[in-house]
Amino acid sequence: MVGRPGRTGRRGGRGWQESAASRASAHRRIVYSPVVHLSSYARSPLTRRRLHRIALPCALLAALTGTLTAVLADGDAPAPAISRVGRLLVPTAVAAPADPSAPPSVAILATPPGAARTTLHIAPIGGAKAGPALATLRHLSDAVVRARVVPRTRLVVATAETSPSSDRSFNASLFRIQPGAEPVALCDGVVHASRPLVTAEGRVFVSRGVAGPEPRPDNDPARLRVDALTIDEVDLATGAIRTVHRHTGHLAFLADAWNGELVLYRVSPASADIVLVDPDSGATRVIAPSIPPFARDFSIDAAAGALVFQERHETDPGLWVIDRIDLARGKRTRLGASASHGLAPYAWPGGGLAYTPERATGLFVVGARAAIRSPLGPGVDAIQAVSQDAAWVAALHTNPSAFAVPFAIRVESGEVATIPAPPGARIAVAGFTAAKEGP
């Protein structure tokens, strides 16, 4: 089981595992368009009390664990208004127009096991091999690296562990990585294993925090530490920080962005919720006031104006569900249920739902024009990025005891293509890049 942020050695990423006692078979339906079945297994014999005591720590995953150190001496001081990406990017980072008929390229980061370095590569979809290392990021040995591309550029922002500490909750830093240049540290105190959020306009947001006091040993052992958490906008040019939201609790997770607002998933000692935050005014609007504290794998269904995510069932501890929440009205719709915790749902571009319907059976897409069924065979396929024109998706194919394999799918046809990557390394997909910059 995975623990709460800050408990070293008890945390995992997207594919974390939970204990499975005996599992028989059971079946549930998923309703989208058309109706299909989600095969499942019998529920683990967990009591409600046991669920409360061990499942909340495992839910605080999404990305997290660590300790706070400041990269900027004035990191906590009031920061100037954040520059917009069009004014702050190094001119050579802005790309020339791409050939619309050619497959795009994908920025990937490769981390050899145990290494204290990660290399940036621009991989052509369908290519024979990954491009050369364009930049090298230094970090703690065997660090977790998460990254995103700044839209319409070849710039990447990435988080990686940099601060040695027994408590890893906030030990990561945010970096700006540009091909052909040394990575630049922008801020510290970033939530362990969290991924930065980059909006379509190029604004960069991260989850940061300061560890609260540890619960007293004589208290309920199920009680978790309460931390001071922030969602901060970071200036790509200067590293200036502007806090847009504060939360006291266990988790403040950047789920996505929609219509100029940030979608946050928050977990507190008494509840979990989903809220929309205006990053300019700080105004907060509650969308889902009370949900189980186990949500993950968030994506935006743009056509429906809704958030799609995986969650644990409200009353059945052995059942996982896929839900969709209307971001304007807060209406919640159940799309499916399964005993498998590796559903990895994603709102398919143009409509439909992508997920892994059974335990490690590969990607399955319903409600879309192209039929897609287990393109790389058994495993869990997690979508990582969508191209700017929504014509391609990039995903990771994962299996136990093996390195994840990146691949791409053309949305319209379902065509599957390779994303070449360095062998023998953990791969993080940052996203689709613009064409190579002009002279």
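Source: prediction; values computed, not measured. (Residues numbered from 1 in each chain as written. Predicted model: local features only at pLDDT ≥ 70, side-chain atom pairs only at ≥ 80, totals over all residues. Heavy atoms only, no water.)

*Asks:* Mind laying out the overall build of the protein chain, listing which residues take part and the relevant values?
*Replies:* Counting its secondary structure elements, the protein chain contains two helices and 31 strands. Per-residue burial for the protein chain yields a buried fraction of 56% across its 439 residues. Within the protein chain, contacts between residues at least 6 apart in sequence are counted, and of these 50% link residues at least 24 apart. Summed over its atoms, the accessible surface of the protein chain is roughly 18000 Å², and 54% of this surface lies on carbon and sulfur atoms. (Helix = DSSP H or I, 4+ residues; strand = E, 2+ residues; numbered from the N terminus. Buried < 20%, exposed > 50% of the residue type's maximum accessible area, 1.4 Å probe, protein only. Contact = heavy atoms within 4.5 Å. Areas by Shrake-Rupley, 256 points an atom, 1.4 Å probe, with all protein chains shown as cover.)

*Asks:* Hey, could you go over the sheet that holds strand 20 (residues 306-312) for me, with residue numbers and the actual values?
*Replies:* Judged by pairing direction, the sheet is antiparallel, and its four strands sit side by side in the order 19-20-21-22 without closing on themselves. The open sheet is flanked by strand 19 (296-301) and strand 22 (332-338), the only strands paired with a single partner. On average, each strand axis in the sheet is inclined to that of its neighbour by 20 degrees, with strand direction left out of account. Pairing between strand 20 and strand 21 (residues 320-326): seven bridges, direction antiparallel. If you follow Ala 306 over to strand 21, its bridge partner there is Asp 326. (Pairing = 2+ DSSP bridges. Axes fitted to C-alpha atoms, helices over the stretch in contact; angles between N-to-C directions.)

*Asks:* Would you mind going over the pattern of salt bridges in detail, with residue names and values included?
*Replies:* In total, this model carries 20 salt bridges according to the counting rule given. For the salt bridge of Asp 232 with Arg 208, the shortest nitrogen-to-oxygen distance reads 3.0 Å. In this pair, Asp 232 is assigned in strand 13 (residues 227-234) and Arg 208 in strand 12 (residues 204-210), connecting sequence segments 24 residues apart. Each member of the pair, Asp 232 as well as Arg 208, carries the same accessibility label: buried. Residue Glu 261 pairs with Arg 285 through a salt bridge whose shortest N-O separation is 3.6 Å. Placement of Glu 261 in strand 16 (residues 261-267) and of Arg 285 in strand 18 (residues 284-288) is noted, with a sequence separation of 24 residues between them. (Salt bridge = Lys/Arg side-chain N within 4 Å of Asp/Glu carboxyl O.)

*Asks:* Let's hear about the packing of aromatic side chains: which residues, and what values?
*Replies:* Tallied over the full model, the rule gives four aromatic pairs. With a centroid separation of 5.8 Å and an interplanar angle of 35 degrees, the aromatic rings of Phe 253 and Phe 298 are classed as tilted. Of the two residues, Phe 253 sits in strand 15 (residues 251-258) while Phe 298 sits in strand 19, which places them 45 residues apart along the sequence. Taken as a pair, Phe 253 and Phe 298 share a single burial class, namely buried. For the pair Tyr 265 and Phe 298, a centre-to-centre distance of 5.5 Å together with 45 degrees between the ring planes defines the contact as tilted. With Tyr 265 in strand 16 and Phe 298 in strand 19, this residue pair connects regions lying 33 residues apart in the sequence. Relative accessible area serves as the criterion here: at 0%, Tyr 265 is assigned to the buried category. Positioned above the aromatic ring of Trp 320, the side-chain terminus of Arg 296 is 5.6 Å from the ring centre. Lying over the aromatic face of Phe 294, Arg 312 brings its terminal NZ or CZ to 5.1 Å of the ring centre. (Phe/Tyr/Trp six-rings, centres within 6.5 Å; stacked < 30°, edge-to-face > 60°. Lys NZ or Arg CZ within 6 Å of the ring centre and 35° of its normal.)

*Asks:* Got a sec to walk through the sheet that holds strand 24 (residues 353-355)? Specific residues and values, please.
*Replies:* The strand order across the open sheet built from four strands is 23-24-25-26, with neighbouring strands paired in antiparallel fashion. This sheet does not close on itself; its edge strands, each paired only once, are strand 23 (346-347) and strand 26 (372-373).

*Asks:* I'd like to hear about the confidence of the model for the protein chain, residue by residue, with values.
*Replies:* Reading predicted coordinates in detail is not appropriate for stretches of low pLDDT. Mean pLDDT over the protein chain stands at 82; residues scoring 70 or higher make up 75%. Every residue in residues 1-98 scores below 50 in pLDDT, and together they form 274 contacts with partners more than four places removed in sequence or on other chains. (pLDDT = per-residue confidence, 0-100.)

*Asks:* Tell me about the nonpolar core, and please be specific about residues and values.
*Replies:* Grouped together as the largest cluster of nonpolar side chains are 20 residues, with contacts concentrated most on Val 263, Tyr 265, Ile 274, Phe 298, Leu 307 and Leu 327. Put simply, the parts of the chain that give this core at least two residues each are strand 15, strand 16, strand 17 (272-277), strand 18, strand 19 and strand 20. Setting aside residues up to four positions removed in sequence, Ile 274 forms contacts with Val 263, Leu 264, Tyr 265, Val 286, Ile 287, Ala 288, Ile 291, Phe 298, Leu 307, Phe 309 and Ile 325. (Core = buried A, V, L, I, M, F, W, Y, C linked by side-chain atoms within 4.5 Å.)

*Asks:* Explain the pairing of strand 21 to me, and be specific about the residues and the numbers.
*Replies:* Counting buried positions along strand 21 gives six out of seven residues, so the element sits mostly inside the fold. Where strand 21 and strand 22 come together, six bridges link them in antiparallel fashion. Paired with Asp 323 across the two strands is Arg 334, which belongs to strand 22. Counted between consecutive antiparallel strands, the loop separating strand 21 from strand 22 contains five residues, among which Gly 330 sits at a positive phi close to 80 degrees.

*Asks:* Could you give me a rundown of the environment of Leu 307, with the residues and numbers involved?
*Replies:* Inspection of the secondary structure puts Leu 307 in strand 20. Overall, Leu 307 belongs to the buried group, its relative accessible area being 0%. Between the C-alpha atom of Leu 307 and that of Tyr 346, which follows or precedes it by 39 residues, the distance is 9.6 Å. Excluding its chain neighbours within four sequence positions, the residues that come into contact with Leu 307 are Val 263, Ile 274, Phe 298, Ser 299, Ile 300, Asp 323, Arg 324, Ile 325 and Leu 327.

*Asks:* Tell me about the side chain of Arg 242, residues and numbers included.
*Replies:* Here Arg 242 is to be found in strand 14 (residues 241-249). With a relative accessible area of 19%, Arg 242 lands in the buried category. A distance of 2.8 Å separates polar atoms of two side chains, one belonging to Arg 242 and the other to Glu 233. (Polar contact = N/O pair within 3.5 Å; in protein donor to acceptor, adjacent residues only side chain to side chain.)

*Asks:* Account for the environment of Val 411, naming residues and giving values.
*Replies:* Among the structural elements, Val 411 can be located in the loop between strand 29 (405-410) and strand 30 (416-418). By relative accessible area, which is 10% here, Val 411 ends up buried. Once the C-alpha coordinates of Val 411 and Arg 369 are considered, the two residues, 42 residues apart in sequence, prove to be 8.3 Å apart. Ignoring sequence-local partners within four residues, the contact set of Val 411 consists of Trp 348, Pro 349, Ala 370, Ala 390, Ala 391, Trp 392 and Val 393.

*Asks:* So what about the environment of Arg 203? Which residues, and what values?
*Replies:* Tracing the backbone shows Arg 203 in the loop between strand 11 (197-198) and strand 12. Take Arg 203: its relative accessible area is 12%, and that puts it in the buried class. With 32 residues separating them in the primary sequence, Arg 203 and Asp 235 have C-alpha atoms 7.9 Å apart. Separated by 2.9 Å, the side chains of Arg 203 and Glu 233 make a polar contact.

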